[in-house]
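Topology and contacts: notes
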Amino acid sequence: MRRPTSKRSRMIALQVDVLEAQGRRLAMAKCIKAGIGIRAIGLDLADVWSDWVGLDERGDRVECERVKTTESELRKVFGAMAPTTIALEVGTHSRWVSRVLGSLGHTVVVANARKVALIHRNKRKNNRIDAEFLARLVRADKALLFPIQHRDERSQADLSVLRARDLLVRARTKLINHVRGASKAFGTRLAKCSAPAFVSRCSHQVPATLLTALNPILKQLAEMTAAIKGFDREISAMVKRHPEATTLMQITGVGELTALAYVLTVEDPARIIRSRSAGAYFGLVPGSDDSGEKHEQQRITKEGDRFCRRLLVSAAQYILGPHVKVDSDLRRHGLAIASRGGKNAKKRAVVAVARKLAVVMHRLWVTSEVYVPLFNASRQSIAA
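Description of the structure in this document. (Residues numbered from 1 in each chain as written. Predicted model: local features only at pLDDT ≥ 70, side-chain atom pairs only at ≥ 80, totals over all residues. Heavy atoms only, no water.)

Moving on to helix α14 (residues 345-367). Taking 1.5 Å of rise per residue, 23 residues should cover 33 Å, and α14 covers 33 Å from first to last C-alpha, within 8% of that figure. Turning to α14, its buried residues are A345, A349, V350, A352, V353, A354, L357, A358, M361, H362, L364 and W365. Just past α14, the residue S368 takes up positive phi, approximately 60°. (Helix = DSSP H or I, 4+ residues; strand = E, 2+ residues; numbered from the N terminus. Expected span 1.5 Å × (residues − 1). Buried < 20%, exposed > 50% of the residue type's maximum accessible area, 1.4 Å probe, protein only.)

Listed below in structure tokens is the structure:
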């Protein structure tokens, strides 16, 4: 169509175009508000503002908007839409956001950030592009996102108690090491003792010239020890609420903390299809990078929950330690690997025992059987 040549005609045509564009945007906004035509939504979460992108049946981008990362705003925006599929990455806000969106009737898919290389390795990375990638992946096949399932609110709160205690224990260790190091620099070697008894045992041995610098730290250490004891009482009460943790504590080296962390981390034993896969669930199996005739030995994947994996490794170190009086298949398995010698033989033995320990704990949880320390050895003797 030929454009008008006069100035007045051009102004009128421009106004008409603006009104038509506004009408299209208004119609699109009504469709967005009702959720008409939106098949998949990608939501990239951030602390203050989150970006979301909606796609229609053909994969065309319907809308790209921003929303405040608050419960009220999320309910206002997504509550007005028809139920659809929403994809978001796992992160700090993904737990409560997935619960909010799920309560509005939407199907929420939480993507495993480690598995979605298309997003975290993108050279042009921003919130809008990440949200669009999430929407396209969940529209094609949600299995491409390797979806994860968050724990319920109660289990997450209980697990936070365990992690808070762990943080205090590590902080207390750092402060004790600082006091010992500062005293040693002044020619005083503090007596050996346990961490809970450090203040009462060693506070009077601190050099007088360091009292001004170390007295506040000693006071903090005393308060930390009292707080850790309070956490220990709370953990003992938690074990009574989770009787399956008592079943796992039959294994020598598995205490309340390790058993409870295992139960709260897995939450549902059906998440692990086979007990033999429990080691992979906690990242205790070697990675693989095979291509053609190339087969290189890899380190363990270290996927899954880092806190529970560290507790499993600590339990394995205790099982292989010199103070254990109860013989078991786990101990024999680790000692056999350590006896082979070679570089890092003891480390490989500890990881192997931790992996097998995760398997045995899952099997006990599923079957609720009585733990037999030398189960394999007794079967072999009967067969012989």
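To continue, consider the nonpolar core. Membership of the largest hydrophobic core comes to 42 residues, with the highest contact counts inside it found for Y262, L312 and L357. Of all elements in the fold, only α6 (153-185), α8 (211-241), α9 (243-248), α10 (256-266), α12 (306-319), α13 (329-338) and α14 reach the threshold of two or more residues within this core. Counting 14 residues, the second largest nonpolar core, distinct from the first, contains I38, V67, L88 and V110. (Core = buried A, V, L, I, M, F, W, Y, C linked by side-chain atoms within 4.5 Å.)

For the structure shown, the criterion picks out 18 salt bridges. Across the pair R61 and E132 runs a salt bridge whose closest N-O atoms are separated by 3.4 Å. Of this pair, R61 sits in strand β3 (residues 61-68) while E132 sits in helix α5 (residues 127-140), and the two are 71 residues apart along the sequence. Residue class for E132 comes out buried when judged on its relative accessible area of 17%. Here R170 and D166 are joined by a salt bridge, their closest N and O atoms 3.2 Å apart. Placement of the pair is R170 and D166 together in helix α6, with a separation of four residues, close to one helical turn. (Salt bridge = Lys/Arg side-chain N within 4 Å of Asp/Glu carboxyl O.)

Our next topic: the environment of G304. Residue position: G304 is located in the loop between α11 (278-281) and α12. C-alpha of G304 to C-alpha of G279: the two residues are 25 residues apart in sequence and 9.9 Å apart in space. Discounting residues that sit within four places of it in the chain, G304 has contacts with Y281 and R309. (Contact = heavy atoms within 4.5 Å.)

This paragraph deals with a positive patch on the surface. Together, R114, R299, K302, R306, K343 and K347 give the surface a local cluster of positive charge. Relative to the assigned elements, R299 resides in the loop between α11 and α12. (Patch = residues over 30% accessible without salt bridge, like charges linked within 9 Å, V, L, I, M, F, W, Y side chains within 5 Å. Areas by Shrake-Rupley, 256 points an atom, 1.4 Å probe, with all protein chains shown as cover. Lys, Arg positive; Asp, Glu negative; His and termini not counted. Charge placed at Lys NZ, Arg CZ, Asp CG, Glu CD.)

In this section: the side chain of H242. With respect to the helices and strands, the residue H242 is situated in the loop between α8 and α9. By relative accessible area, H242 is classed as buried at 14%. Of the polar contacts made by the side chain of H242, one reaches the side chain of D158; its length is 3.5 Å. Beyond its immediate sequence surroundings of up to four residues, H242 is in contact with D158, L260, V263 and L264. (Polar contact = N/O pair within 3.5 Å; in protein donor to acceptor, adjacent residues only side chain to side chain.)

With that settled, consider the packing of aromatic side chains. Summed over the entire model, instances satisfying the criterion amount to four aromatic pairs. Ring geometry for W52 against F78: centres 5.7 Å apart, planes inclined by 65°, an arrangement best described as edge-to-face. Here W52 is found in strand β2 (residues 49-55), whereas its partner F78 is found in helix α2 (residues 71-78), with 26 residues between them in sequence. The same class applies to W52 and to F78, which are both buried. Three or more aromatic residues link up through ring pairs in this structure, and these residues are Y262, Y281, F282 and W365. For the cation-ring pair, K115 lies above F146, with the distance from its terminal atom to the ring centre recorded as 5.5 Å. (Phe/Tyr/Trp six-rings, centres within 6.5 Å; stacked < 30°, edge-to-face > 60°. Lys NZ or Arg CZ within 6 Å of the ring centre and 35° of its normal.)

Further remarks concern the packing of α10 against α14. Angle between the axes and distance between the axes are the two parameters that describe a pair of packed helices. One way to put it is that α10 packs onto α14 with a least axis distance of 12 Å and a crossing angle of 75°. Comparing the axis directions of α10 and α14 gives the class roughly perpendicular. Packed against α10, whose contacting residues are T258, A259, Y262, V263 and V266, the element α14 presents A358, M361, H362 and W365 at the interface. Within the contact of α10 with α14, the residues separate by chemical class into seven nonpolar, two polar and no charged. (Axes fitted to C-alpha atoms, helices over the stretch in contact; angles between N-to-C directions. Parallel < 35°, antiparallel > 145°, perpendicular 65-115°, else oblique. Nonpolar A, V, L, I, M, F, W, Y, C, P; charged D, E, K, R; others polar.)

The next thing to look at is the sheet that holds strand β4 (residues 85-89). Within the open sheet, the five strands sit side by side as β3-β2-β1-β4-β5. Their pairing is mixed. Every interior strand has two partners, whereas the edge strands, β3 and β5 (107-111), have only one. In this sheet, neighbouring strand axes are inclined to one another by 20° on average, regardless of whether the strands run parallel or antiparallel. Note that strand β1 (residues 40-44) and β4 share four bridges and pair parallel. Opposite L43, over in β4, you have L88 as the bridge partner. (Pairing = 2+ DSSP bridges.)

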